[in-house]
Amino acid sequence: MKNTDASAGHKSVSREELIDLLNEDLSREYQAIISYVVYSQVLKGAEYMNIAGELAKHAAEELNHALIVSNQIDYLGGMPAVTAKNVRTSEKAVDMLRFDLENEAETIRQYRNRVRQCEELGEYAIAEHIRTILVDEQDHLIALATALGQDAPVISSARAA
Ligand SMILES: [Fe+2]
Ligand SMILES: [Fe+2]
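Predicted, not measured: the structure shown is a model, and the values here were computed from it.

(A) Region of interest: the nonpolar core. Residues L22, L43, L55, V69, L97 and I130 are the most contacted members of the largest nonpolar core, which totals 41 residues. Contributions of two or more residues to this core are made by α1 (15-42), α2 (49-75), α3 (93-120) and α4 (124-147). No other element matches α3, which puts 10 residues into this core. Excluding residues that lie within four positions of it along the chain, L43 makes contacts with Y48, M49, I51, A52, L55, A93, M96 and L97.

(B) Structural context of the coordination of the iron ion (ligand 2). Looking at the iron ion (ligand 2), the protein donor atoms are E62 (OE), E104 (OE), E104 (OE), E137 (OE) and H140 (ND1), and they sit 2.0 to 2.4 Å from it. Counting residues between consecutive donors of the iron ion (ligand 2) along the chain gives the motif E-x41-E-x32-E-x2-H. Metal-to-metal, the separation of the iron ion (ligand 2) and the iron ion (ligand 1) is 3.9 Å; E62 coordinates the two. With E137 and H140 both in helix α4, this residue pair falls three residues apart, about one helical turn. Here the two residues E137 and H140 agree in accessibility, since each one is buried.

(C) How the structure looks around a nonpolar patch on the surface. Together, I34, V37, V38 and V42 give the surface a local cluster of nonpolar side chains, amounting to about 280 Å² of exposed area. Among the secondary structure elements, V37 is positioned in helix α1.

(D) Representation of the coordination of the iron ion (ligand 1). The coordination sphere of the iron ion (ligand 1), as far as protein atoms go, consists of E29 (OE), E29 (OE), E62 (OE), H65 (ND1) and E137 (OE), spread over 1.9 to 2.5 Å. If you list the donors of the iron ion (ligand 1) from N- to C-terminus, the spacing comes out as E-x32-E-x2-H-x71-E.

(E) Fine view of the pattern of salt bridges. On inspection of all chains with the given rule, the structure shows 11 salt bridges. As a salt-bridge pair, R15 and E123 come within 2.5 Å of each other at their nearest N and O atoms. Here R15 is found in helix α1, whereas its partner E123 is found in the loop between α3 and α4, with 108 residues between them in sequence. For E123, a relative accessible area of 9% gives the class buried. Across the pair E102 and R88 runs a salt bridge whose closest N-O atoms are separated by 3.1 Å. You can see E102 sitting in helix α3 and its partner R88 sitting in the loop between α2 and α3, a full 14 residues away along the chain. A relative accessible area of 35% means that E102 is categorised as partly exposed.

Calculation rules
- Residues numbered from 1 in each chain as written.
- Chains lettered and ligands numbered in written order.
- Predicted model: local features only at pLDDT ≥ 70, side-chain atom pairs only at ≥ 80, totals over all residues.
- Heavy atoms only, no water.
- Core = buried A, V, L, I, M, F, W, Y, C linked by side-chain atoms within 4.5 Å.
- Buried < 20%, exposed > 50% of the residue type's maximum accessible area, 1.4 Å probe, protein only.
- Helix = DSSP H or I, 4+ residues; strand = E, 2+ residues; numbered from the N terminus.
- Contact = heavy atoms within 4.5 Å.
- Donors = N, O, S within 2.8 Å, 3.2 Å for Na, K, Ca; no water.
- Patch = residues over 30% accessible without salt bridge, like charges linked within 9 Å, V, L, I, M, F, W, Y side chains within 5 Å.
- Areas by Shrake-Rupley, 256 points an atom, 1.4 Å probe, with all protein chains shown as cover.
- Salt bridge = Lys/Arg side-chain N within 4 Å of Asp/Glu carboxyl O.

Written out as structure tokens, the structure is:
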């Protein structure tokens, strides 16, 4: 059965489909690099100085994730994607932090699915790499939620079968 819907993470995927899904992940990592590079520089206001420094660190971590994910795509025989998912912009600091929070939540949801999908294919090493990325993404989510003065959102995993 063919399944190319990236959101349907509970379904088993083929190696080809896994390559496509990892390329979606890579495009999300590029998006994260761009947004953290820009937001870390344009966030203004004394109350945001700490988080601006934090976002600059996130940018470097997202680059590392992009390298890890593209390495896994290459290992699977795929060609790493070269396009970023759309980056939203705003003049308002709160909006920027909220966009990042939403993107991190989606990234975490996707990577949780990816770990399951990799393991179903017996690709335990790729699953392990994604787990290490997930640890960073969860830290990013918590940092953003804290900066926004809210609890980290509960992330629903794969939509029901
Ligand atoms: Fe990342
Ligand atoms: Fe992140």
